[in-house]
Every structure is written in C-alpha cells, then in structure tokens.
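So you can see what is in the structure, the chains are spelled out below.
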Amino acid sequence: MQIRVCSIDKKSKNRLYEPLIEHYIKSSKQFAQIELIDIFNNQISKAQEISEINAKEEYSKAFEKYMDGYCVALDPNSNEVDSYEFSKIFENNTKITFFIGGAYGFEKKFLKKCNLSVSFGRITMSHKLVKLVLLEQVFRGLTIINNHPYHK
C-alpha cells in the first residue's frame, strides 16, 4: 500500500514533531509505504497576501499533480470520524493521498474532486501537529484492519 500526505506547509527549522512523525512512518512500514510532501512556493505566498480566494486557488493548483489514487482531504468542516471509520479508508485502497490544506483551507471544487473529506475536529491545529495526528491515525487504522494489537 502506498500512502502520500501532501501539505501546504513552509519548511521550518522547528523539528519538535519530527521524531514522532518519523516514529509513525517507521511503525507503519510493515503495512504501507508513506511519503510526505510539503508544498509552499512563491505563488502560494503571494496569493495568501492577496486574498483567501486567491490562496485557496493556489493550494488547489499545487495539489493538482498529486491527485492520484483514493484522495482524502482533511477539512474541519467535514464530518468527524472515529478511528474505526477512518480505518475503512485502508480496506479497499492500495494508493491513498491525504491533503492538508493551507491557512485558508480548501476550495469547494477541490473538495468535490476528492473521494472523501474528513474532520479530526473543529479545533485549529498547526500543520505539523495535524500531520502528526494524521500519521498516528494512519498507523492506528492500518493496525485495525490488520488485527494488530496497537489499537486496543
């Protein structure tokens, strides 16, 4: 199984979450290969200074080339799922791409292109923290469908 996590996120010198992110990627290797893609460019930076609409359009453009396999957007305005519901994503899909939007979220038309949108709650989290929570839930979901004891 191939899992890709695409995020609108600036490169940062703050490595606070890196050890845990690496831990969940390594722990998941027995079930899936995980690739992280952080995207931030001049067009996104300029668009965010102009308006929310422009920013969302640039996020969609940046994500377009990664729309492959079963696409899942993490959107706080979507339905919340528990870990068991989340694990169903992995049951019949061998290539999954998760999207973490930028500061302004996603365009509605981008969300419609995705196979699924899920919410981890309505609170605001930093991109790095959301990525960490996502990777823990990916590992948990993979253990659920593979009857591994981690999730109990």
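In what follows, the structure referred to is the one given above.
Cut-offs used in this document
- Residues numbered from 1 in each chain as written.
- Predicted model: local features only at pLDDT ≥ 70, side-chain atom pairs only at ≥ 80, totals over all residues.
- Heavy atoms only, no water.
- Helix = DSSP H or I, 4+ residues; strand = E, 2+ residues; numbered from the N terminus.
- Buried < 20%, exposed > 50% of the residue type's maximum accessible area, 1.4 Å probe, protein only.
- Contact = heavy atoms within 4.5 Å.
- Areas by Shrake-Rupley, 256 points an atom, 1.4 Å probe, with all protein chains shown as cover.
- Lys, Arg positive; Asp, Glu negative; His and termini not counted.
- Charge placed at Lys NZ, Arg CZ, Asp CG, Glu CD.
- 1 Å grid on protein atoms, 1.4 Å probe; cavity = no way out; pocket = protein on both sides within 12 Å on 5 of 7 lines; lining within 4 Å.
- Points joined across faces, edges and corners; volume = space filled by probe spheres on them.
- Nonpolar A, V, L, I, M, F, W, Y, C, P; charged D, E, K, R; others polar.
- Disulfide = S-S within 2.5 Å.
- Pairing = 2+ DSSP bridges.
- Axes fitted to C-alpha atoms, helices over the stretch in contact; angles between N-to-C directions.
- Core = buried A, V, L, I, M, F, W, Y, C linked by side-chain atoms within 4.5 Å.

A. Expanded view of the overall build of the protein chain. Each helix and strand in the protein chain was counted, giving six helices and five strands. If you list the helices and strands of the protein chain from N to C, you get β-α-β-α-α-β-α-β-α-β-α. In terms of overall dimensions, the protein chain has a C-alpha envelope of 50 × 35 × 30 Å along the principal axes. Relative to its 152 residues, the protein chain shows a buried fraction of 47%. Residue pairs at least 24 apart in sequence account for 85% of intrachain contacts in the protein chain once pairs closer than 6 positions are excluded. Surface summary for the protein chain: the accessible area is close to 8700 Å², and the carbon and sulfur share equals 47%. Between the mean site of the 22 positive side-chain charges and the mean site of the 18 negative ones, the protein chain shows a separation of 3 Å.

B. Structural context of the layout of surface pockets. The space that makes up the largest pocket amounts to roughly 550 Å³. Forming the walls of the largest pocket are 24 residues, and the residues nearest its centre are Leu74, Asp75, Pro76, Gly102 and Gly105. When residues of the lining of the largest pocket are traced back to their parent elements, those giving at least two are helix H5 (108-113) and helix H6 (127-145). Across the lining of the largest pocket, the residue classes break down as eleven nonpolar, nine polar and four charged.

C. Representation of the state of the cysteines in the model. Per the counting criterion, the structure on display carries zero disulfides. There is no disulfide at Cys6, and the cysteine sulfur nearest it, in Cys71, is 8.6 Å away. Between Cys71, a free cysteine, and Cys114, which holds the nearest cysteine sulfur, the sulfur-to-sulfur gap is 5.5 Å. According to the relative accessible area criterion, Cys71 is buried, its value standing at 3%.

D. Region of the structure containing the sheet that holds strand S2 (residues 33-39). Taken in spatial order, the five strands of this open sheet run S2-S1-S4-S3-S5, and their pairing is parallel. Lying at the two open borders of the sheet, with one neighbouring strand each, are S2 and strand S5 (116-118). Taking the axes of each pair of neighbouring strands and ignoring which way they run, one obtains an average angle of 20 degrees across the sheet. Note that strand S3 (residues 70-74) and S5 share three bridges and pair parallel. If you follow Leu74 over to S5, its bridge partner there is Val118.

E. Seen up close, the environment of Ile21. Looking at the secondary structure, you find Ile21 in helix H1 (residues 18-28). When the C-alpha positions of Ile21 and Lys112 are compared, they lie 29 Å apart, and in sequence the two are 91 residues distant.

F. Region of the structure containing the nonpolar core. Ile3, Phe86, Phe90, Phe98, Leu134 and Val138 are the most contacted members of the largest nonpolar core, which totals 24 residues. For this core, the elements supplying multiple residues, two or more each, are strand S1 (2-8), H1, S3, strand S4 (95-100) and H6. Per-element accounting of this core gives the leading share, seven residues, to H6. Apart from the residues within four sequence positions on either side, Ile3 is in contact with Ala32, Gln33, Ile34, Glu35, Phe90, Ile96, Phe98, Val138 and Leu142. Among the nonpolar cores identified, the runner-up in size contains 17 residues, and Ile39, Ile44, Phe63 and Leu111 belong to it.

Purely geometric stuff here, so don't read any function into it on its own.
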